[in-house]
Amino acid sequence: MTTATTQTAVPAESLAAVPQAATTVFSTTALVLGIVGIVIGQGFVSIAAIVFGFIGRSKEPSGRLTANWGIALGFVGVFGGILLALIGVAAFVPLWIAGALTGWY
């Protein structure tokens, strides 16, 4: 008993009609960088999260929410770092002025 196998050719039009899965690489990268930028306190990581978030919003419609969160966390990281730097300067300047006026060396 032998079985014959037949192969049918698949037209190229049907292969092109297969929808591709939507990827959210830029959006997910923005979210991860936003979280990491806040945790480690690095401004350039937060800026990268903002950039990747805007790219993800424009190129990946299915990842808009993730990209928006990445952008928001990126801005929190950037402005949080600026705020902490200003608080540090505001805390140091009075001590510096007092030391200069009283002769602390």
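One numbering rule holds for all chains: residues counted from 1, following each sequence as written. Whole-chain, interface and lining totals are the exception, using all residues; otherwise, since this is a predicted model, local features are given only for residues with pLDDT of at least 70 and side-chain atom pairs are given and counted only at 80 or more. The side-chain figures draw on all heavy atoms in the structure; neither hydrogens nor water molecules are used.

Participant: So what about the overall build of the protein chain? Which residues, and what values?
Facilitator: Helical segments are the DSSP runs of H or I of at least four residues, strand segments are the runs of E of at least two, and each set is numbered from the N terminus. When helices and strands are tallied, the protein chain shows 4 helices and 0 strands. Mapped from its N terminus to its C terminus, the protein chain presents α and β elements in the order α-α-α-α. With 105 residues in all, the protein chain has 19% of them scored as buried. A fraction of 61% describes how many contacts in the protein chain between residues 6 or more apart in sequence connect residues 24 or more apart. Where accessible areas are quoted, they stem from the Shrake-Rupley method and a 1.4 Å probe; at the residue level, only the protein chains shown are allowed to cover. Within the structure as shown, the protein chain displays about 7,900 Å² of accessible surface, and the carbon and sulfur contribution to it stands at 73%. Only protein chains enter the area calculation, which uses a 1.4 Å probe; residues under 20% of their type maximum are buried, those over 50% are exposed, and those in between are partly exposed. Every residue pair with non-hydrogen atoms within 4.5 Å of one another is taken to be in contact.

Participant: Talk me through the packing of aromatic side chains; I want residue IDs and the actual numbers.
Facilitator: The description of an aromatic ring pair uses the distance of the two centres, along with the angle that the planes make with each other. Only Phe, Tyr and Trp rings take part, Trp by its six-membered ring, and two of them pair if their centres are within 6.5 Å. Stacked means planes under 30 degrees apart, edge-to-face means over 60, and tilted covers everything else. For the structure on display, the rule yields 2 aromatic pairs. For the ring pair phenylalanine 75 and phenylalanine 79, a centre distance of 5.9 Å and an interplane angle of 10 degrees mean the geometry is stacked. Residue phenylalanine 75 and its partner phenylalanine 79 are located together in helix α4 (residues 64-102), separated by 4 residues, close to a single helical turn. The class of phenylalanine 75 is partly exposed, set by a relative accessible area of 34%.

Participant: Before we move on, could you go through α4 and cite the residues and values that matter?
Facilitator: Expected span, for any helix, means 1.5 Å times one less than how many residues it has. Here α4 contains 39 residues, and its C-alpha end-to-end distance of 57 Å stays within 8% of the 57 Å for a straight helix at 1.5 Å per residue. Tucked into the core, α4 has its buried residues touching α2 (25-40) and α3 (43-59). Looking one or two places after α4, you find glycine 103, whose phi comes out positive at around 85 degrees.

Participant: An account of the packing of α3 against α4 is needed here, citing residue identities and associated values.
Facilitator: Only C-alpha atoms enter the line fits that serve as axes; for helices the fit covers just the stretch in contact. Angles between N-to-C directions range over 0 to 180 degrees. The contact between α3 and α4 brings their axes to 8 Å, and the two run at 155 degrees. With respect to α4, the axis of α3 lies roughly antiparallel. For the pair α3 and α4, the crossing hand works out as left-handed. On α4, the residues that touch Gly43, Ser46, Ile47, Ala49, Ile50, Gly53, Phe54, Gly56 and Arg57 of α3 are Arg64, Ala67, Asn68, Gly70, Ile71, Gly74, Phe75, Gly77 and Val78. Among the residues making up the contact of α3 with α4, the classes are represented as 8 nonpolar, 8 polar and 2 charged. Here the angle decides the label: under 35 degrees means roughly parallel, over 145 means roughly antiparallel, 65 to 115 means roughly perpendicular, and every other value means oblique. Crossings are sorted by hand: turned counterclockwise from the far helix by less than a right angle, the near helix makes the crossing left-handed, and turned clockwise it makes it right-handed. Three classes are used, and their members are as follows: Ala, Val, Leu, Ile, Met, Phe, Trp, Tyr, Cys and Pro are nonpolar, Asp, Glu, Lys and Arg are charged, and the others, Gly among them, are polar.

Participant: Tell me what's going on with the packing of α2 against α4, and back it up with residues and numbers.
Facilitator: Their axes nearest at 7 Å, the elements α2 and α4 cross at an angle of 25 degrees. The orientation of α2 with respect to α4, classified from their angle, is roughly parallel. Here the hand of the crossing between α2 and α4 comes out left-handed. In this structure, α2 uses Ser27, Thr28, Ala30, Leu31, Gly34, Ile35 and Ile38 to contact α4, whose residues at the interface are Thr66, Ala67, Trp69, Gly70, Leu73, Gly74, Val76 and Gly77. Of the residues that constitute the contact of α2 with α4, the class distribution is 8 nonpolar, 7 polar and no charged.

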